[in-house]
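Close look at the chain arrangement
The lines below spell out each chain.
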Amino acid sequence: MAAAGAEAGGAVAALRLRLAALGRRLAALRGAGGDDIFLAKGSATLDKLKDLCNEGRERPSMLLQLYTQAVLDITYFEENQLVDEDFPEESSLQKVKELICILSEPEDLVRECNINEEPVNILGAELLECLYWRKGALLYMYCHTAKERSEWLRGNIAIFKKCLNDGVHYLMKMFSFRCPLQLNEDVSLQDKDTARLLSEGIFSDTHLLAMIYSGEMCYWGLRHCGEGKQECLETIDSVSNSDLGCRSQSVSLDFRETGKNMLTKYVAVCEGPLKGQGWNTTTAKQMLCYFVKSHK
């Protein structure tokens with residue numbers, strides 16, 4: 001009991017600092033005229049969390065899950081702002097980096113609390129998948145815009161490559177939090193299509209989007225950055241003076257092989273169990289052709 005009490009106390013102490021920082025962020029957004037349902041939800045969750053921390057009776061896992069939801073809601077408003085403004089060239093990279101760091105905070109907080117559990121056991125698979133989806137999708141949208149800015153791209157190709165690399169890593173990480181279904185003879189005939197999807201780790205439309213997004217980012221990487229391995233993965237930390245902690249991906253991807261793998265799976269499920277469900281494979285097939293032809 002004493003250990004559990006200390007664990008809860010540690011979680012509350014660490015959480016209070018995060019709540020104060022998130023509260024200041026929310027206040028700044030509202031002070032600048034920000035007002036929508038996601039900010040309202042985030043604000044309500046922050047107020048609830050402050051009350052629960054003062055009461056000191058709630059389980060650490062519940063507090064951390066609520067904090068994660070507040071982070072997701074508040075940053076969603078900011079992401080939508082970036083998209084609406086078409087990712088301003090002068091400031092958007094810094095903002096993207098900030099948001100990715102904030103979306104990494106819930107996992108960091110679990111580790112800081114010295115809870116002897118993996119983050120997935122505290123936050124749950126769905127929340128973790130959402131955090132990684134949001135980080136990967138944000139970098140996808142940023143890179144989608146940045147690749148059209150030819151002058152910027154020429155001068156910042158290492159940063160662009162790093163953004164692609166990190167984005168694909170985040171999207172692929174989404175598939176690691178749940179165990180894919182093992183197909184066996186017990187699967188009934190009418191469940192075969194669903195079973196096939198689950199066996200590929202596709203538990204939602206978002207997982208399928210993660211496949212096509214990561215494949216497309218690999219395509220951009222190969223087209224704009226070429227075959228060469230990244231001898232030194234330049235981090236986007238260098239463009240920020242933010243004191244927010246953020247773990248950057250340091251493993252270089254093989255854009256060709258990773259892209260081929262993700263797009264091949266995407267096409268297979270869209271033309272197999274999801275045939276007729278409205279998922280288009282034309283672009284994915286064109287990118288697969290590019291991966292093959294450019295290798296010859």
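Above this text is the structure in question.
Below: a short report on this structure. Just so it is clear, the structure is predicted and the values come from calculations on it, not from any experiment. (Residues numbered from 1 in each chain as written. Predicted model: local features only at pLDDT ≥ 70, side-chain atom pairs only at ≥ 80, totals over all residues. Heavy atoms only, no water.)

Moving on, we get to the overall build of the protein chain. Each helix and strand in the protein chain was counted, giving 12 helices and 0 strands. Secondary structure elements of the protein chain occur, N-terminal to C-terminal, as α-α-α-α-α-α-α-α-α-α-α-α. Every one of the 296 residues in the protein chain was classed for burial, and the buried ones make up 48%. Considering only contacts within the protein chain whose residues lie at least 6 apart along the sequence, 78% involve residues at least 24 apart. As presented, the protein chain carries roughly 14,900 Å² of accessible surface, and 50% of it is formed by carbon and sulfur atoms. (Helix = DSSP H or I, 4+ residues; strand = E, 2+ residues; numbered from the N terminus. Buried < 20%, exposed > 50% of the residue type's maximum accessible area, 1.4 Å probe, protein only. Contact = heavy atoms within 4.5 Å. Areas by Shrake-Rupley, 256 points an atom, 1.4 Å probe, with all protein chains shown as cover.)

The final tally for this structure, using the stated rule, is 10 aromatic pairs. Between the aromatic rings of Tyr-132 and Phe-177, the centroid separation amounts to 5.5 Å while the plane-to-plane angle is 45 degrees, which identifies the pairing as tilted. Remark: Phe-177 occurs in the loop between helix H8 (157–173) and helix H9 (192–199) and Tyr-132 occurs in helix H6 (residues 125–146); sequence separation between them is 45 residues. As far as burial versus exposure is concerned, Tyr-132 and Phe-177 are alike and both buried. Here the aromatic rings of Tyr-142 and Trp-152 are separated by 6.2 Å at their centres, their planes lie at 90 degrees, and the arrangement is edge-to-face. You can see Tyr-142 sitting in helix H6 and its partner Trp-152 sitting in helix H7 (residues 150–155), a full 10 residues away along the chain. Pairwise contacts between aromatic rings join Trp-133, Tyr-140, Tyr-213 and Trp-220 into one cluster. Above the ring of Tyr-132, the side-chain terminus of Lys-135 is found at 4.2 Å from the ring centroid. (Phe/Tyr/Trp six-rings, centres within 6.5 Å; stacked < 30°, edge-to-face > 60°. Lys NZ or Arg CZ within 6 Å of the ring centre and 35° of its normal.)

Moving on, we get to the nonpolar core. One broad trend across soluble globular proteins is that nonpolar side chains are buried collectively. Tyr-142, Phe-160 and Met-217 are the most contacted members of the largest nonpolar core, which has 87 residues in total. At 13 residues, H6 tops the list of elements feeding residues into this core. Here Met-217 is in contact with Gly-136, Leu-139, Tyr-140, Cys-143, Cys-163, Leu-164, Gly-167, Val-168 and Leu-171, once residues within four sequence places are set aside. (Core = buried A, V, L, I, M, F, W, Y, C linked by side-chain atoms within 4.5 Å.)

Here H6 spans 31 Å end to end across 22 residues, near enough to the 32 Å set by a 1.5 Å rise per residue. Counting buried positions along H6 gives 18 out of 22 residues, so the element sits mostly inside the fold. (Expected span 1.5 Å × (residues − 1).)

To continue, consider the state of the cysteines. Across all of its chains, the model carries 0 disulfides by this definition. A disulfide-free cysteine, Cys-163 has its sulfur positioned 4.9 Å from the sulfur of Cys-143, the nearest such atom. (Disulfide = S-S within 2.5 Å.)

Per the counting criterion, the structure on display carries 13 salt bridges. The partner of Glu-112 in a salt bridge is Arg-18, and the shortest N-O contact between them spans 2.7 Å. One end of the pair, Glu-112, is in helix H4 (residues 92–112); the other, Arg-18, is in helix H1 (residues 2–31), with 94 residues separating them in the sequence. Exposure remark for Glu-112: the relative accessible area of 44% places this residue in the partly exposed category. One network of salt bridges, with partners in common, ties together Arg-25, Glu-78, Lys-95 and Glu-98. (Salt bridge = Lys/Arg side-chain N within 4 Å of Asp/Glu carboxyl O.)

Scope: geometric values only; no functional claims are made or implied.
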